[in-house]
Every structure is written in C-alpha cells, then in structure tokens.
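# Chain and residue survey
So you can see what is in the structure, the chains are spelled out below.
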Amino acid sequence: MKQRVTLNINGTEEEVYAEPWWSLAQVLREEFGLGGTKIACNTGDCGACTVLLDGKAVRSCLILAVKAQGRKVVTIEGLRGKDGGLHPLQQAFMEHFAVQCGYCTPGMILTAKSLLDENPAPTEEEVREGMSGNLCRCTGYAKIVEAVMAASARMRGEHR
Amino acid sequence: MSELSVVGKNVIRLDALEKVTGTALYAADEALGEPGMLHGKVLWSPHAHARIISIDISRAKKVPGVEAVLTGKDVPEARVGSCVDDQHMLAREKVRFVGDAVAVVAARTLEAAEEALALIKVKYEVLPAVFDAEEAMRPDCPVVLHPGLSGYKRNMYPYLGNDLPGPNVHTHHKVRRGNVEEGFRQADLIVENRFSTARISHCQLEPASSVARPNVDGTLVISTSTKSVYTGVQAEVCRFFGLPPSKVRGVTHYIGGNFGSAPRAHIFAALAAIRTGRPVKVVFSREECFFRDLNRLPMVIYLKDGVKKDGTLVARQIKLICNCGAYAQITPLVIRNGSFGSSQYRIPNFRWDAYGVYTNEPPSGAFRGFGNAQPFWAMEQHMDIIAEKLRMDPVELRQKNLIAEGEENLRGEKTHSMGAAECLDKVAQWIGWGRPTSQPSSNTVKVAKGFALANKYTQVDTIASALVRFNKDGFVDVFHGSDEIGQGSQTVLAQIAAEELGVPVEKIKVIWGDSARVPYDHGAISSRTTMFVGNAIRAACQDVKRLICATASPVMGAAPEDLEARGGQIYFRSNPSKSMPVSDLFLPGRATCLPHDAELLGQGTFFYKGYSDGDPETGQGTRLTASYCYTAHAVEVAVDTETGEVKVLRFCSATDVGRAINPKLCEAQSEGGIAQGIGSALYEEMLLDRGRVLNCNFHDYGMPRMTELPGNHDLKCFLVEANHREGPFGAKGMGEGAMTPSAPAIANAIYNATGVRLMDLPMSPERLLRALKAQNKEAGHKSGPL
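Here the structure is a predicted model, which means the values were calculated and not measured.

The rules behind the values
- Residues numbered from 1 in each chain as written.
- Chains lettered and ligands numbered in written order.
- Predicted model: local features only at pLDDT ≥ 70, side-chain atom pairs only at ≥ 80, totals over all residues.
- Helix = DSSP H or I, 4+ residues; strand = E, 2+ residues; numbered from the N terminus.
- Buried ≥ 20, exposed ≤ 12 C-beta atoms within 10 Å, placed from the backbone.
- Contact = placed C-beta atoms within 7 Å.
- Expected span 1.5 Å × (residues − 1).
- Axes fitted to C-alpha atoms, helices over the stretch in contact; angles between N-to-C directions.
- Parallel < 35°, antiparallel > 145°, perpendicular 65-115°, else oblique.
- Left-handed = near helix turned anticlockwise from the far one by under 90°.
- Nonpolar A, V, L, I, M, F, W, Y, C, P; charged D, E, K, R; others polar.
- Bend = angle between axes of the 7 residues up to and from the residue.
- Domains from an automatic or database assignment.
- Pairing = 2+ DSSP bridges.

### Considerations on the overall build of chain A
The helix and strand tally for chain A stands at five helices and five strands. Ordered by position in the sequence, the α and β elements of chain A form the string β-β-α-β-β-β-α-α-α-α. For chain A, the proportion of its 160 residues judged to be buried stands at 59%. Sequence separation of at least 24 residues holds for 59% of the intrachain contacts in chain A that already meet a minimum separation of 6.

### Points about helix α3 (residues 105–118) of chain A
Compared with the 20 Å implied by 1.5 Å per residue over 14 residues, the 20 Å span of α3 of chain A between its first and last C-alpha is a close match. Extensive coverage of α3 of chain A is indicated by the burial of 12 of its 14 residues. In this fold, the buried residues of α3 of chain A make contact with β3 (50–53), β4 (56–59), α2 (88–95), α4 (124–130) and α5 (142–155) of chain A together with α1 (16–20) of chain B.

### Brief notes about the packing of helix α10 (residues 373–389) of chain B against helix α11 (residues 394–401) of chain B
Residue and element names in this part refer to chain B. With their axes 9 Å apart at the nearest point, α10 and α11 run at an angle of 110° to one another. On the basis of the axis angle, α10 is roughly perpendicular to α11. Considering only the axes of α10 and α11, their crossing is right-handed. Touching M383, D384, I386 and A387 of α10 are P394, L397 and R398, all from α11. Counted by class, the contact of α10 with α11 contains five nonpolar, no polar and two charged residues.

### Considering helix α6 (residues 229–241) of chain B
All names here are of chain B. With 13 residues, α6 extends 17 Å from end C-alpha to end C-alpha; this agrees with the ideal 18 Å at 1.5 Å per step. Most pronounced at A235, the bend in α6 amounts to some 30°. Looking at α6, one finds that the buried residues are V229, Y230, G232, V233, Q234, E236, V237 and F240. At its buried positions, α6 is contacted by β10 (220–224), β11 (248–251) and α7 (265–276). Count one or two residues on from α6 and you reach G242, which has phi positive near 65°.

### Brief notes about the domain arrangement of chain B
All names here are of chain B. Taken domain by domain, chain B consists of domain 1 (37–127), domain 2 (295–401 + 410–460 + 613–780) and domain 3 (461–607). Computed from C-alpha atoms alone, the centre-to-centre distance between domain 2 and domain 3 is 40 Å. In this complex, domain 2 contributes 22 residues to the contact, which on the side of domain 3 involves 17 residues. At the level of elements, β18 (445–459), β26 (625–640) and α15 (663–683) are the ones that each hand at least two residues to the side of domain 2 that touches domain 3. Class assignment for the residues of the side of domain 2 that touches domain 3 results in 10 nonpolar, nine polar and three charged.

### Let's talk about the sheet that holds strand β16 (residues 349–358) of chain B
All names here are of chain B. Strand order in the open sheet formed by five strands is β7-β16-β15-β14-β8, with mixed pairing between adjacent strands. For this open sheet the edge positions go to β7 (169–177) and β8 (189–196), each flanked by a neighbour on one side alone. Averaged over all pairs of adjacent strands, the angle between their axes in this sheet comes to 5°, without regard to strand direction. Bridge count for strand β14 (residues 299–307) against strand β15 (residues 313–325) is nine bridges, and the pairing is antiparallel. Paired with G306 across the bridge in β15 is A315. The sheet strands contacting α10 are β8, β14 and β15, and the helix crosses β14 at an angle near 35°.

As structure tokens, this is what we get:
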C-alpha cells in the first residue's frame, strides 16, 4: 500500500504517496518529473542517479523513497544558485567540454559537489578516486577531471 | 582558408547548458508519470535454441491493468531483417538465443506488466544449440539455426556472396587483389597466426527507451533512444510492420550515448501501441540492454603475411569467421566494411574471406569502428611481429608500407587526405619511442611502450539533406536529420553554417530529431555527420545566400551576381563599403521585397555520384568509401607479472581529422575512444555460458572507470589535418577511428614488456598469467611464443 512521504526537494517541502518498493530515483522522476536524475543501471554501479541527500551524494536508485522521509534532497535541477546562475561546477563542465551525451553529467556534477564540499582542494588523484564510482562511456573522463579541478580552483577564489 | 572565423574554434557545445542543468530531454525522460501511458515489458526466451510448443497467456491477461498480451501470432507473418529477412519480431516457431522475444505485455502500471509476464506459460522443446562460430560454420554442423535460409530474402547487399560453405553461413565476403600464392612465393618471411576478439557491449548509459503514440489519423509517432531518426526509427518500424513512411513519424531526443548500438525497444513499443491503440512506453533494464543490443561482432581471424627482407609487404591473406549470433541483423555490412581498414598499406597481393555465421548467441551488429577494430587487432600485431623478425624499427616498417597520397589502394580507390604518416610520427615522438620508459621495470613489474596505426572509413552510399531559414531578426534555423548522440554534431554543424553565412554561431539554431519536421538524413552512423550533413548545410547556406541576393537585386539596383550576402548584410561586390541589412528585405511596404513575415529558405543535398558497392567477386571498385580517418595510438604500460594486471601509464593518440571544425570536440572524441579502446583491450567481454550472458550489469562487466585511465598529464591527443577536398572546409569524420588502434597498441606494449604475445581479447589478468606461465615453462627454449 502506498505510504505518505514528506521530503524537501530542492528547497521546497513536498508530499507524495509512494509504494514501499519505489526507489527515490523513480519517485523523483515519475512523481515529480525531475528527469535530470538519470537511471542507467538501477543497481548502484554507475552513479548516474546521484542526488544529494542531506548534503551527501547518494545513489537514488538504491534508496527507497520512504526512507527519504523528512530528509533534504537536492537534484541537478536544484543546483543553480538563488539568483538562477549556474553553479561553478556546471559552468566548468560547459567550458571544459566535460559533457558529451550528457547522461552521466548530472550524477557527475552532484558527486563532484559532494566531493568538493568535503575536500575543497583535491588533487587530480583524489578527484579520480573520489569520482571513480561514476561511469561515463563517452568522455574518457579527462575533461571531467579537468572541469572539477577548475571548478575547485574557482570556488576557492583562484580564477582560472 | 586563413580567414575562417568560426571553423577551427572551440565553440562551447550548444547542448551543454541543457545537459549541465538536467533539462536535456532523452527518450527515457519522455512521458514521465504521464497518465494513460501504458508500460510495455517483453518476455525473453530462457533457452538458446528451442521449439515453442505452446504459449498460455490466459492468466496473464486477467491481471488487473493489463491491456494486451501479444505473442508470435500477433506479429506479421513475413520475416524481416536488415540484410537477411530471418526474424520475426516475436518468435513464431522457434527461439534461437537466450533473449529472443516471445511475448509483449502492455499494462497500466509497470508492476502489472511484470506480474503478467511472470504468468505467461511457455512450453518449449529444447533443441541442441551451437555457440562456437568455427563449429557452426562446418558443412556438417548438426545444429542448423535457419533451415529455410536458402529461401530467405537477402536484402540490399550484393556482397553477401553466394558460395556459402555451410548451412549456418549467411555471408561470404571476398576481396581479391593480385595473386597471394605468388606473393607468398616471393616473400622472404611468412608470418601466420590466429587471433580472436571478444563480444563486447556498447554500455551507453541511457537504457534503450521508446514511446510509441498512435495518432487518431492512423499515424504512429515513435520516439526512441536509437540513433538515426529516418533509417534507425522510421524506416525500421515501416519494415517491421509493413507500413508506408507517411504513417510513421520518427522522433529522437538527445541520445544518451550510442557507439553503434541498436537495441530496438521501439519495435516492441510500436507493436503494443498498434495493437492497443494506446500510447506505450518501453524501457529496457540494463540486463536487457546487454543481451538485446547488437554487441560488437566477435571474430576469429587467421592472418598470413608475406614480406621481403627489406620489410616490403608482398602478400596478405586473411580469413575471418564472425560469430553473428542468432540473426544476421546488420552483420553482413559490418563484415564487408571491416575490410576497408586493410587498405592503409601497399599490399600487391591480397586475399580476404570473411564469413558471417549464425550461432545460438545474442546477435551482433555495429560497434564504434564497424568491423574494423577486429582485423586491426590482428594486422597491427603482425606489423610488430614482422618488424621484430626482420630486426626493423616498427615505426619504420609501417612508414615504409604506408600508401601515399594519390596512390591506388588495394581496393582500387585513389588515396586522398592521407595523414597517417604524420599521426605515426606524432605519437612516436610524444611517447618517446626508442627512449627509456617513464619509470624503470622492476623484477615483477615490467614497463614498456607499444603503438599501432589504424583507420576508419566513412560510408559513401548515403545521402544528407538540409534546410536553412534566414529569419528577419538575423537568426538562422538549420534543419537536418542527423542525431545528437553525444558527439557534438549540433555544435559542429552550427559552426559550419555560421562560417558559410558569416554570422556569429550564437545566431544559429539547429533543429533535428523529427522525421515530420526535418529533411532526410541517413543518421549518426559511420562517422559521417560532419562530412555529409556539413556539406548539405553548406550547400543550403549557399542556396539561401543566392536567394537573398536575388531578392535584394531590384531593391539595390544591381544584378544578383554583383551582390554578396555575408554576416546578415548584402554588399555590392564592386563596393563593399555599401551594404543593406538582410532584415531590410522584410520591411513592410517595400513592394519589390519580401512580404512581411515571408521566409528566406535555402536547401541543400549532399551525396556521392559514381560510387560503387564493389565487385562481388573481388571487392574492387573506384569509389567504395567517402573518406578515411587515420589514428595512431602509442602507450606505455606497466605489467605486473605476479597478478597479470596491466596498468596503462601513458597514452597518446594522433588522429587525422581532415580539418578540426571544433578541436576540443575532436579531442573529446579521441579521449573517449581511448577509454573504450582500453576497455576493449583489457577488461571488456560479455561472458557467455551456453548462450546466456553472465555479466549483464555494470558491476561485473568491466567498463573503465576514472582510476583506470592515465592522469591528464600522461594523456595527449594530437589532431592532424590532412584536408579532404570533399569535406566541409576540409573536414572528415573521426569519431570511430578514435578507438580502432588501441587494443593492438596495448598488446604490442605488453609484448615489449614481457615477451608474451596475446592473441585473444580481452587481455585479462587470467590470460596474461596463463601466457606468462607457458613462457616460463618454455624458459629453456630461446625463442618466444612465436
């Protein structure tokens, strides 16, 4: 039987009735139309469905929606600043050609956000290690790593 | 070409903003939570080969919410296929692989569809099956997949061949040049080996997805994650259902990666939508993507080369046995086009026999490189083997045999836009060929370099059309029918239009992905979009400029040929300081001008005249391909001889792109190709147990992750620009060439590190350890494994 779940999505209090087996990814997509959260493997292996749950990057395909009760979810749609401007990571992914087909991109950006929140000045190796749970089939990762490093510098005030 | 202002610039991708904000729409994102949408699920065969005795759908139909349960009885009786009509979209009598489609359920919820699927009872009589292509190819193979093959319609391609050696062989493609027996007699050295490649999966991140919507007027609107809105969507649905193109509207959104994949969720969505009259969405699970997508065609390759002492290649004989799986699909074309790669060297005597064989494995198809990476796996290792035996430098051996600009290649084509020599030099220099490795070898970790040279042709027999609309606000709409599969084609095409029209690229809007709204194109295949669609768009831009000048002629009091349209202005050729804005042509009240809100439309089409399919007996022809993109890869690897693990330390590529319309996008393709190349070389293989895929998920299938690639300082991608006279601004396709040489380059490096020559893909730790063990056993013998 469907259960009532209240959660904060991208700063707005929301309510939804979800079957107990529905994943958070499924609910974000099908019930809230937040298609930026991608489902690619549905087994937690690729990171395309990554969202921030209470600020930490999680795989929303592995979390039941009912378990998100009362928690804060940020999806790619909620990453832009209050002024509507792009997050430095979004800007860097554009400028450094870190986007190809784009299907891994939201998960990559949110994983990078979580990584930089914990470690604002990572080395390239730390970025690669920290993001190795996110698969991309198009880019070979070089430009994604470059973009994360550039965003990190920009967020620390070192413009480049 | 020095005054180019947009071509050659790193214009930021037009789709980047949508993609970084999560607003880009993909087929899987269509109809999210849409009320009234039915969900389709497919029942797959659990057997590799079986006769269907009966199917009981009575319980499945009773599940609440189920709208349709369809089986082989509900599909057209005629078989269909890409090259051979050998398949029913739902099995009618027999299933031929684990994953053959048996039934489709459409229901109001996914849960109901899944419940109904589980209640379908199919009785099978399990039949003996064959999985090995060499076994299946034998004339006396007891298992025959398609006993009716001789009566099947074999479409489109005359090069399927007629002298088929066994009942499971659907294709025999031949190339003949000179006389190989005579060539081998002249040779001072003959090298002969057997190689094999693995079945690998595209693993594009977007799962196969499709939404089919029947319109009240009888038209089916079908969107899908498959590339090629005309050929891959519209034409295919028409072929499967016997519908005219006017009744099928193909739609594509952004596509979440492709690499040649064709999983065809749209066929099942279309079937359920036609039978129910309701919109139906089908999304494959990742597991389904693995066995339903047409994986990279595995080949067994017997290669025999003859060379003179000085390194001159005199003869090459190559026999390929291709495990096509249960249905031919597009494999006859993959097999035929896989032969083009060999034309990069001057080989006077050449013989190629490639066989397409049915087995009870999941069907194969196109994969980045379209049949070329597999022969290169063998051919580019042979070049190193030959060089070592002749004590020649392998770079020099390749340079010596490379075909030259203007020279006739072994297929009879005149070579043009030949940047291979420069590619080789660039990678050899960067990797430091002949110089010490970046780190020394230890007792257990051996470090060495290796390289390979390969190419990828672009198909010649396709057509592209484009429309260009010059709007009164100075913006330009470009309409074309190729797809955005991630390669960045929309950006490149906008740059071509901007350059031709002399307007800023920000003023170009590119419209694509709907067969009802954009002109015909063959699609995002064969690395063709930049060249074919780029040329069509250029022609359309030239057409609209002619129209602008003709319209302005009476207003400006000059003959059209004395005017020039550029950058939104119309200039007098004799006095470029005098001009009129194009937007003035739209001003109301000017009787001689355009009526208000009228349009300035230009059209263009590009195709090759006088190309040929090649002689079916010899494969010879004067124009078989549009262009060749050459790529050299050089790597440095560290091989742990205790664990068998190979780490790629440094990687360099050089790709001849003709001209880089957007260098960063070319570089991005090169980097992606390297990652797939490393994956195919070291990790990737669909593991099959009697036809069943064992590792059909991203956990067990070894796609490279960030940590498996060299760091950014140890990675370099060069672009070489051997301008192509027929390409837009000299450009040619390059997306597929990006991975063709990776696996042999890594194999050559592993050999140089360990003395072990691996001939089967992937070069997994298990294989490498086994080979090292065998090498140790032979330690008494002086020679290596060859």
